[in-house]
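# Inside the fold
What follows is each chain in one-letter form.
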Amino acid sequence: GTVAFARLDGGTHLIPHTGTNNRRLTLHLPLNTALGAKMFVGANETVEWKEGKVVVFDDSFIHSVKHTGTEPRYILHVNFWHPDLLRKSESKAATTEL
């Protein structure tokens, strides 16, 4: 996994993009929210960050960010292994004969 602080200035955007695979999830912990900052995930989900409220999503789905406000938005950005992947590995390990 990775951990980083991310800043997005007002009047900017992140073009639609995807992660490289669906083996991980992405967590955003808003540290300083800003009016006008929104994330769009998949075909119809819109996220507006709220300070202290964690957002977790599968970044293999197309997503983008648009910030029409004036103040910067700061988040803690974390990527971590998808828990279903870990359960499948544990299950497989438990049933594999040596």
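Residues numbered from 1 in each chain as written. Predicted model: local features only at pLDDT ≥ 70, side-chain atom pairs only at ≥ 80, totals over all residues. Heavy atoms only, no water.

Taken together, the four strands give an open sheet; going across it, the order is S2-S7-S4-S5, and neighbouring strands pair in antiparallel fashion. Every other strand in the sheet has two partners, leaving strand S2 (12-17) and strand S5 (45-47) as the edge strands with one partner each. Each adjacent strand pair in this sheet contributes to an overall mean axis angle of 20°, direction not counted. Bridge count between strand S4 (residues 37-41) and strand S7 (residues 63-67): five bridges; the pairing is antiparallel. Directly across from Lys 38, in S7, lies its bridge partner Lys 66. (Pairing = 2+ DSSP bridges. Helix = DSSP H or I, 4+ residues; strand = E, 2+ residues; numbered from the N terminus. Axes fitted to C-alpha atoms, helices over the stretch in contact; angles between N-to-C directions.)

When pLDDT drops low, the exact placement of atoms in the prediction is not to be read closely. Chain-level statistics for the protein chain give a pLDDT mean of 88 and a share of 87% at 70 or above. In the model, residues 93-98 has pLDDT below 50 throughout and makes zero contacts with residues more than four positions away in sequence or in other chains. (pLDDT = per-residue confidence, 0-100. Contact = heavy atoms within 4.5 Å.)

Right, let's get into the side chain of Asp 58. Structurally, Asp 58 is set in the loop between strand S6 (55-57) and S7. Summary of buried charges: Asp 58 has no salt-bridge partner, and the nearest side chain of opposite charge, Arg 24, is 7.2 Å away. Among the polar contacts made by the side chain of Asp 58, one reaches the side chain of Ser 60 at a distance of 2.7 Å. Ignoring any residue separated from it by four or fewer positions in sequence, one finds Asp 58 in contact with Asn 22, Arg 24 and Leu 25. (Buried < 20%, exposed > 50% of the residue type's maximum accessible area, 1.4 Å probe, protein only. Lys, Arg positive; Asp, Glu negative; His and termini not counted. Salt bridge = Lys/Arg side-chain N within 4 Å of Asp/Glu carboxyl O. Polar contact = N/O pair within 3.5 Å; in protein donor to acceptor, adjacent residues only side chain to side chain.)

This part covers the nonpolar core. Counting residues in hydrophobic clusters, the biggest one holds ten residues: Leu 8, Ala 37, Met 39, Val 41, Val 47, Trp 49, Val 55, Phe 57, Val 65 and Ile 75. Within the residue set of this core, elements represented by two or more residues are S4 and S6. The dominant element in this core, judged by the number of residues it contributes, is S4, at three residues. The residues contacting Val 41, other than those within four sequence positions of it, are Phe 57, Phe 61, Ile 62 and His 63. (Core = buried A, V, L, I, M, F, W, Y, C linked by side-chain atoms within 4.5 Å.)

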